[in-house]
Amino acid sequence: LEGRVRKGKSGGGISYGYNVVDLRAADGSPVRGDRSINQSEAAIIRQIFREYSHGESPRSIAHNLNRTGVSGPSGGTWSPSTISGNWRRGTGVLNNELYVGKLVWNRQRFIKDPASGKRQARLNPHEKWIYEDVTELRIIEDELWHEAKQRQQKLRKMIIDNGGRSELARRPRYLLSGLLKCGTCGGGFSMINKDRYGCSTARNKATCENKLSIRKDKLEQAVLGGLRDNLMQPEAYQAFVEEFTR
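Residues numbered from 1 in each chain as written. Predicted model: local features only at pLDDT ≥ 70, side-chain atom pairs only at ≥ 80, totals over all residues. Heavy atoms only, no water.

Caption draft 1: Geometry of the environment of Tyr16. With respect to the helices and strands, Tyr16 occurs in the loop between helix 1 (2-6) and strand 1 (18-20). Tyr16 sits 59 residues away from Gly75 along the chain, and the two C-alpha atoms are 10.0 Å apart. Once residues lying within four places of it in the same chain are set aside, the contact partners of Tyr16 are Glu41, Ile44, Ile45, Val70, Ser71, Gly72, Pro73, Trp78 and Tyr99. (Helix = DSSP H or I, 4+ residues; strand = E, 2+ residues; numbered from the N terminus. Contact = heavy atoms within 4.5 Å.)

What follows is the structure, given as structure tokens:
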């Protein structure tokens, strides 16, 4: 993979805005790693950078793209995180250096969480990152790229100066985090402010019409009350004790 990257070819996967080039060697075997610009998707990328540089938020950009029926990466819908990503890891449309003709590889490695069994990304030291110039894959001009980067930096500084959380801070987990689903679209229900749960899809992607919310304390009381009333019956409790003892 590293050898392929050092030749300016993809090390795997494909970014939004590009097509896989199907090439064959003389013996008929596939030649891997070549990409070409997808012009219709490239136009959307330029639109995202222009709107962001002119003051639009990733959320409003995602909402507008979803309203106009523009398919996101892999044919899905757009979300704010798809656009903003993580600037340290180089994820998200606004941080993808391939759009200015720079192929970056080996940013991160993956380890398996022994508790959950899921893969987790870990950032590699910057000196281990590999850069290659691929000017033929440039979509965004330097001036527009730098305008977007400057706005990102100003917003990060503003958030920290006003006592906000940086993206390095761990997001708080609540009693029902990851357990709630929207009854309309099936998406996640999460904290939309310090007191209330609401549909994440409705607020981040604008593809669900459920704008109802519920107070955190009332929802937790209802769930815990249901557990107490339905599970703490003598028969259920005895079954639990027997299984725990066994």
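Caption draft 2: Region of interest: helix 7 (residues 216-231). Along its 16 residues, helix 7 runs 22 Å from first to last C-alpha, staying within 8% of the 22 Å computed at 1.5 Å per residue. Restricting attention to buried positions, one finds in helix 7 the residues Leu219, Glu220 and Gly225. Where helix 7 is buried, its residues contact strand 10 (196-199) and strand 11 (213-215). (Expected span 1.5 Å × (residues − 1). Buried < 20%, exposed > 50% of the residue type's maximum accessible area, 1.4 Å probe, protein only.)

Caption draft 3: Here's a closer look at the packing of helix 2 (residues 39-53) against helix 3 (residues 58-67). It is at 10 Å that the axes of helix 2 and helix 3 come closest, and there the two elements cross at 140°. One element, helix 2, and the other, helix 3, form an angle in the oblique class. Every pair of crossing elements has a handedness; the one defined by helix 2 and helix 3 is right-handed. Mapping the contact onto sequence places Ile44, Gln47, Ile48, Glu51 and Tyr52 in helix 2 and Pro58, Ile61 and Leu65 in helix 3. When grouped by side-chain class, the residues that make up the contact of helix 2 with helix 3 number six nonpolar, one polar and one charged. (Axes fitted to C-alpha atoms, helices over the stretch in contact; angles between N-to-C directions. Parallel < 35°, antiparallel > 145°, perpendicular 65-115°, else oblique. Left-handed = near helix turned anticlockwise from the far one by under 90°. Nonpolar A, V, L, I, M, F, W, Y, C, P; charged D, E, K, R; others polar.)

Caption draft 4: Highlighting the pairing of strand 7 (residues 119-123). Sheet topology note: the strand 6 (residues 108-112)/strand 7 ladder contains five bridges and is antiparallel. Paired with Arg109 across the bridge in strand 7 is Arg122. Counted along the chain from strand 6 to the antiparallel partner strand 7, the turn is six residues long, and its residue Gly117 has a positive phi close to 80°. (Pairing = 2+ DSSP bridges.)

Caption draft 5: Focus on the nonpolar core. In terms of nonpolar packing, the biggest core is built from 28 residues, with Ile45, Ile48, Phe49, Trp78, Tyr99 and Ile140 touching the most fellow members. Elements with a contribution of two residues or more to this core: helix 2, helix 3 and helix 5 (142-161). With six residues, the single largest contributor to this core is helix 2. Look past the residues within four positions of Ile48 in its chain and what remains in contact with it is Ile61, Leu65, Trp78, Ile83, Val93 and Leu94. Counting residues in each nonpolar core, the second largest holds 10 residues, with Leu176, Cys182, Met191 and Cys208 among its members. (Core = buried A, V, L, I, M, F, W, Y, C linked by side-chain atoms within 4.5 Å.)

Everything listed here is a matter of coordinates, which is why it stays silent on function.
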